[in-house]
Amino acid sequence: MEQALHARDLVGVQDMVLLEDYTSEEAFTDNLQKRFQENIIYTYIGPVLISVNPYKNLPIYDEASLQKYQKVHFFEVPPHVYAVTDTAYQSLKEEGRDQCILISGESGSGKTEASKKVLQFIAAASGHKPKVEAVKDKLLQSNPVLEAFGNAKTNRNDNSSRFGKYMDVAFNYMGDPVGGNILNYLLEKSRVVHQNPGETNFHIFYQLIAGADQALLDKLHLKRNLDSYFYFSNGGKGPMSNHEYSNQFKVVEKAMSVMELTEEEQGDIMSIVASILHLGNVGFTEEEGVAQVFKQENIESFSKLLGCSAEKLTKALQYRTIEAKGEAVKTPLNRDMAIYARDALAKAVYERLFTWLVHRLNSSLHVGEESNGKKSVMGILDIYGFEIFERNSFEQFCINFCNEKLQQLFIQLTLKSEQEEYLKEGIEWVPVEYFNNKVICDLIEEKHKGIISILDEECLRPGEPNDASFLEKMNKNLSKHPHYIGHEKADRKTQKLMGRDEFRLVHYAGDVTYNSKGFLDKNNDQLFRDLLEVMSETSNSITRKMFPADQLRRRKRPDTAGTQFKTSLNELVEILMFKEPSYIRCIKPNDYKRPSDFDRKIVSHQVKYLGLMENLRVRRAGFAYRRPYDVFLKRYKSLCPATWPSYPGSNKEAVTVLIHHLKYGNNEYCLGKTKLFIRFPKTLFETEDAFQAKKHDIAAIIQKVWKGRVQRKKYLKMRMAAIVIEKWIRRFLAKRRTELRRRAVVIVRQFIEGFITRNGLPTEINKRFVKLAKVHYLNRLAKSLPTTVLDKSWPPCPGSCVEASKYLHNLHTNWLARKYMLSLTPERKKQFELKVLAESLFKGKKKSYPRSIGPPFIEDRLADDQRLLKSSFETNQLQTGERLRYCAPVIKYDRHGYKPRERVLVFTNKNIYLLDAKTFKTKHCLTYDSITEILITTETDSLLVIRIPSDLKKDKGDLILQVENLIEALTILIDITGKPEALKMADTSSISHNLNNGKQGVIDITKGPTPSIIKGKEGHLIVVVVP
Ligand SMILES: Nc1ncnc2c1ncn2[C@@H]1O[C@H](COP(=O)(O)OP(=O)(O)O)[C@@H](O)[C@H]1O
Ligand SMILES: [Mg+2]
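1. Let's talk about the side chain of Ser-942
- For Ser-942, the position within the fold is in the loop between strand E24 (933-937) and strand E25 (943-947).
- Residue Ser-942 is classed as buried on the basis of its relative accessible area, which comes to 12%.
- Sequence-distant contacts of Ser-942, that is, excluding residues within four places in its chain, are made with Leu-961, Gln-962, Val-963, Glu-964 and Leu-966.

Structural data, given as structure tokens:
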């Protein structure tokens, strides 16, 4: 139901309790019409199903629908006869509660179809074991048999059931059908002898004539021609073609076989059917007040078929035996009475045949001994609805009485269940105003006072009772009753419409005027004793049982038809009372069996007399909607943040929170123990609308979760795949590593072995080690080579490379030196040459040598003020080609007296000059060749003696000089002269030097704390050197 709440504008409401104006018959009919036009034929009033006959086949009974309605909540699916059946069936199966499905409605409204759908659903929903299937087959096949004998075409329905039917289906504890039982009510037997224009006799007559093969027809003395039979009041016009009837006949024969009717039984049944047709053709004339049989051959046929005496039968149709004062008296029957007797016989035979058939089906459906254990029962009541015709007779009286009784039951059960629900849910019960039709039931059935009692009394009383006297008695006794209207009591208007032989009952469903004619006779329902006797002597197995001989001997009069009917109805009510009822209320939309034609007047009428408005009122008196908390919560919890997606408390608490959130008014709802009751449809609709709006959000959530799930699944799959790949890669890498390690171990081992044995005899292993060591050494060396010439470091080398190391060291040093050398300027180069020369001259010889190593040799040691003089000397004094090489201030000691004089010592490429320090005048000029010896001491002093050959006239002996940078000056000097051999180093404490004239001076070398050169006391020059 919830599903369709929001579609209510298009298809109306699924449940009439949701109608805003539930008292309006207009609105009610509107809703039915709206739905009918959309081909929706089912609607609820709470649990009651309303079904509108579509008069066309709708695709709602297929396999898919059968599946759809199994084991679902009643309100989860659109209304359907299957939903009602499933609810009942589940209750029966799960809780073992006996069920009854009450189907009511007027002729042609779809009751029988509905009952078939109920059976069909049960067959589909229950087990499918072969044994169960067999039972189901029988239950289903009982229908064609009963329909053949009990149905006929009427003006309202081509397949109208002319009897009431209550079928019990028994189920075992597993919910499988194990058998059944059928009760039949009030067959319309008058149809056998007479049908209204446009209507037909029972189907079986037509089926037999159309469907039986020739041999059977011959055996039954029948002709394949409907016109030949008097009991077809409307001649040979059956509603269906011969072909259809013929097919149906085969279906019936097959069904009878399924129902386990023996061939003999089937033969006897057909004999009875045929015999009735023959009986109908018996005509009468009259002679002297006694009827005479006109067509004896029909009597013969009848007698032959049933196996009785034709003569006796003829007599029984002419005379009647009456017992008067203990004596049997025969009175003749006139023609009319003979016809009456004939028809009575035909009706009785047919009725009893039908009853026998029902019993026979029951014995076939009987629950077998083997299926013991607890059984539950589902009753299906397909009974005629209320009937109001132009002329209403005893049959309508009975039928309408039946409907009053069922309405009574309905009211009791509905109110009871409603009341019980309130009680169960702890809700205060507010008495509901409704019309209780018990008063009408009482009017009809009350003992001694009711209409049936009056009728029985009239039937039994001595004298000349007739319909008029019966009516009179009723008018007398019942005129005060509010629901009885006699002619006299009626108002003017009604009187005009009512005949004097009529009476009117105000039924709950409307007023019905009954014609009293025939009431007594129909109630009596007696067959003349003579006929009974004939029938009890028949050889046909069925008729003999149907008319038992001991019945004749019984003194007591059998109950009248009215009383029998009343008794069977009360028994039925008794049966139904203790079952859980479900209701199907059938409505026909028009009188013409037309699809898609909704006649509001006709429907309104049915709505009224089915008491549907009453039903709705009772249902709505309290609450329009009720649902278990869990169901309500499940649908609407998304409307409140506190209850979405779940609430920590109970369902009831959650619903309480929810409805507070939705701001339900206090009078709008009620909280039961397990259910929420909502008073007005409006409240529910608002909630539903809110839910519809909210649905999109929920959809988004579902989408979100779904997408998340899909992604997660994908992720997990990828993760798994990644793990697998990882696993394999790890395995691969680990294997490779292991392999590497293994190889490394071998290599390391070989390395170590190689190391240990490196100095031993060469083997493969130590050769490799050595080779490696060499490579490593070279690599190491390459990285730690000295970068300057002065860096004397050299990395250590393995034993195997000593030679190479040396060689390389050398090579590298040379290379560095060469590189250094190549990068030198000519000046620097000269310096080095001079230094090297100095080294070769003085190293280890002259003690002051080490001091000279560091400072560079400088060619010009003059002071700044001497520069000018120097350049003038250069330009003026030097010869062409002569270049200055060295100049430095020196002190010259005279050879006589050793007086120190400041001089400048100059070397050119040709000569040595000694210049006056102040004037740069040449004091001495010597060619290099003229120098014989250059003398110095080995000590740290700076004394220089230059020996000049004595033949050099100009000179006055050796030159004695103090030269500050002695080593520098001498090195340059020797570089110029290229004569190192001239240099002498005196390792003595005194040196003699030449004076001119062959004289000799002495120079003493002593040690002292401060270096100095002074004239000593003995006339020697004393040179003090620091040791
Ligand atoms: N649910 C239905 N779907 C289609 N046709 C239906 C349905 N119910 C009834 N009918 C039609 O209406 C006719 C009369 O129905 P039926 O059940 O015999 O009425 P009732 O038993 O109330 O007199 C059927 O023969 C069938 O043609
Ligand atoms: Mg029917």
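2. Describing the nonpolar core
- Grouped together as the largest cluster of nonpolar side chains are 202 residues, with contacts concentrated most on Phe-28, Leu-32, Phe-149, Phe-205, Ile-269 and Phe-632.
- Take this core: its biggest share by element is 15 residues, from helix H14 (residues 335-365).
- Setting aside residues up to four positions removed in sequence, Phe-205 forms contacts with Val-192, Phe-232, Val-273, Ile-276, Leu-277 and Tyr-350.
- Counting residues in each nonpolar core, the second largest holds 34 residues, with Tyr-849, Val-890, Leu-926 and Ile-967 among its members.

3. Notes on the site of ligand 1
- Around ligand 1, the structure places 15 residues, and the nearest of them are Asn-53, Gly-108, Lys-111, Thr-112 and Glu-113.
- Tyr-61 is positioned with one of its side-chain polar atoms (N or O) 2.8 Å from a nitrogen atom of ligand 1.
- Between an oxygen atom of ligand 1 and a main-chain N or O atom of Asn-159, the distance comes to 3.5 Å.
- Out of a free accessible area of 550 Å², ligand 1 has 85% covered by protein chains.

4. Remarks on the coordination of the magnesium ion (ligand 2)
- Distances from the magnesium ion (ligand 2) to its protein donors, namely Thr-112 (OG1) and Ser-161 (OG), fall within the range 1.9 to 2.2 Å. Taken together, the residues Thr-112 in helix H6 (residues 111-125) and Ser-161 in strand E5 (residues 160-161) connect sequence positions 49 residues apart. Of the two residues, Thr-112 and Ser-161, both sit in the buried class.

5. Description of the sheet that holds strand E17 (residues 625-628)
- Strands sit in the order E17-E19-E18 across an open sheet of 3 strands; the sheet is antiparallel. Either end of the sheet is taken by a strand with one partner, and the two such strands are E17 and strand E18 (669-671). On average, each strand axis in the sheet is tilted by 15 degrees relative to the strand beside it, whichever way the strands run.
- Note that E18 and strand E19 (residues 675-678) share 3 bridges and pair antiparallel. Paired with Tyr-669 across the bridge in E19 is Ile-678.
- Together, E18 and E19 form the strand contacts of helix H28 (residues 651-661), whose direction differs from that of E18 by roughly 160 degrees.

6. Considering helix H3 (residues 25-37)
- Here H3 is 13 residues long and its end C-alpha atoms lie 18 Å apart, about the 18 Å a rise of 1.5 Å per residue gives.
- For H3, the full list of buried residues reads Phe-28, Thr-29, Asn-31, Leu-32, Gln-33, Arg-35 and Phe-36.
- For H3, the side-chain oxygen to backbone nitrogen distance between the N-cap and Glu-26 is 3.2 Å, and the N-cap itself is Ser-24.
- One or two positions beyond H3, positive phi appears at Asn-39, with a value near 65 degrees.

7. Concerning the environment of Ser-142
- Its location among the elements puts Ser-142 in helix H7 (residues 130-150).
- Judged by relative accessible area, which is 0%, Ser-142 ranks as buried.
- On a C-alpha basis, the gap between Ser-142 and Glu-323 in space is 43 Å, while along the polypeptide they are 181 residues apart.
- Once you skip the residues sitting within four places of it in the chain, Ser-142 turns out to touch Met-167, Ile-182, Met-259 and Leu-361.

8. Structural notes on the pairing of strand E20 (residues 884-893)
- Judged by how many residues are buried, E20 sits mostly within the fold: 8 of 10 residues are covered.
- Of the strand pairs in this sheet, E20 and strand E21 (residues 900-908) are connected by 9 bridges, and their pairing is antiparallel. When the bridges of E21 are listed, Ile-891 appears paired with Glu-902.
- Following E20, the chain reverses through 6 residues before pairing antiparallel with E21; Gly-897 in that reversal takes a positive phi of roughly 90 degrees.
- Inspection of the sheet shows E20 paired to strand E26 (residues 959-963) by 4 bridges, in the antiparallel sense. Bridging from a neighbouring strand, Ile-891 pairs with Gln-962 of E26.

9. With respect to the packing of aromatic side chains
- Under the counting rule described, the total for this entry stands at 34 aromatic pairs.
- Ring centres 6.4 Å apart and planes at 65 degrees place the aromatic pair Tyr-625 and Phe-632 in the edge-to-face group.
- A residue is classified by how much of its surface remains accessible, and Tyr-625, at 2% relative accessible area, is buried.
- The rings of Phe-202, Phe-205, Tyr-206, Tyr-229, Phe-232, Tyr-245 and Tyr-350 are connected pair by pair, giving a single aromatic cluster.
- Positioned over the ring face of Tyr-61 is Lys-117, at 4.2 Å from the centre of the ring.
- The lysine or arginine in question, Lys-835, covers the ring of Phe-857, its NZ or CZ lying 4.0 Å from the ring centre.

10. Some thoughts on the sheet that holds strand E22 (residues 911-916)
- Taking strand neighbours across the sheet as the criterion, the 8 strands line up as E23-E22-E21-E20-E26-E25-E24-E27 in an open arrangement whose pairing is mixed. The open sheet has two edge strands with one neighbour each: strand E23 (922-927) and strand E27 (983-986). Put simply, the sheet's adjacent strands are angled 30 degrees from each other on average, direction ignored.
- Pairing analysis gives 3 bridges linking E24 to E25, with the strands arranged antiparallel. Opposite Glu-933, over in E25, you have Arg-947 as the bridge partner.
- Across the sheet, helix H32 (residues 826-842) touches E20, E24 and E27, and the angle it forms with E27 is around 45 degrees.
- Each of E20, E21, E22, E24, E25, E26 and E27 is contacted by helix H35 (residues 966-977), which is oriented at about 130 degrees to E20, the strand it contacts most.

11. Some points on the confidence of the model for the protein
- Overall, the predicted model of the protein reaches an average pLDDT of 89, with 97% of residues at or above 70.
- For the protein, the element scoring lowest by mean pLDDT is helix H1 (residues 2-5), at 54; helix H11 (residues 263-280) scores highest, at 96.

12. Quick look at the packing of helix H12 (residues 296-306) against helix H13 (residues 310-318)
- Two numbers describe how H12 lies on H13: the axes approach to 9 Å, and their chain directions differ by 120 degrees. On the basis of the axis angle, H12 is oblique to H13. Seen from above, H12 lies across H13 with right-handed handedness. Each of Gln-296, Ile-299, Glu-300, Phe-302 and Ser-303 in H12 lies in contact with H13, whose residues at this interface are Ala-310, Leu-313, Thr-314 and Leu-317.
- Residues that form the contact of H12 with H13 fall into these classes: 5 nonpolar, 3 polar and 1 charged.

13. A few points about the environment of Ile-427
- Relative to the assigned elements, Ile-427 resides in the loop between helix H15 (394-425) and helix H16 (438-445).
- Accessibility expressed as a relative area gives 8% for Ile-427, which makes it buried.
- For the pair Ile-427 and Leu-92, spaced 335 residues apart in sequence, the C-alpha separation works out to 27 Å.
- Residue contacts for Ile-427: discarding those within four places in its chain leaves Tyr-422, Phe-623, Cys-670, Leu-671, Gly-672 and Phe-677.

Calculation criteria
- Residues numbered from 1 in each chain as written.
- Chains lettered and ligands numbered in written order.
- Predicted model: local features only at pLDDT ≥ 70, side-chain atom pairs only at ≥ 80, totals over all residues.
- Heavy atoms only, no water.
- Helix = DSSP H or I, 4+ residues; strand = E, 2+ residues; numbered from the N terminus.
- Buried < 20%, exposed > 50% of the residue type's maximum accessible area, 1.4 Å probe, protein only.
- Contact = heavy atoms within 4.5 Å.
- Core = buried A, V, L, I, M, F, W, Y, C linked by side-chain atoms within 4.5 Å.
- Near = heavy atom within 4 Å.
- Polar contact = N/O pair within 3.5 Å; in protein donor to acceptor, adjacent residues only side chain to side chain.
- Areas by Shrake-Rupley, 256 points an atom, 1.4 Å probe, with all protein chains shown as cover.
- Donors = N, O, S within 2.8 Å, 3.2 Å for Na, K, Ca; no water.
- Pairing = 2+ DSSP bridges.
- Axes fitted to C-alpha atoms, helices over the stretch in contact; angles between N-to-C directions.
- Expected span 1.5 Å × (residues − 1).
- Phe/Tyr/Trp six-rings, centres within 6.5 Å; stacked < 30°, edge-to-face > 60°.
- Lys NZ or Arg CZ within 6 Å of the ring centre and 35° of its normal.
- pLDDT = per-residue confidence, 0-100.
- Parallel < 35°, antiparallel > 145°, perpendicular 65-115°, else oblique.
- Left-handed = near helix turned anticlockwise from the far one by under 90°.
- Nonpolar A, V, L, I, M, F, W, Y, C, P; charged D, E, K, R; others polar.

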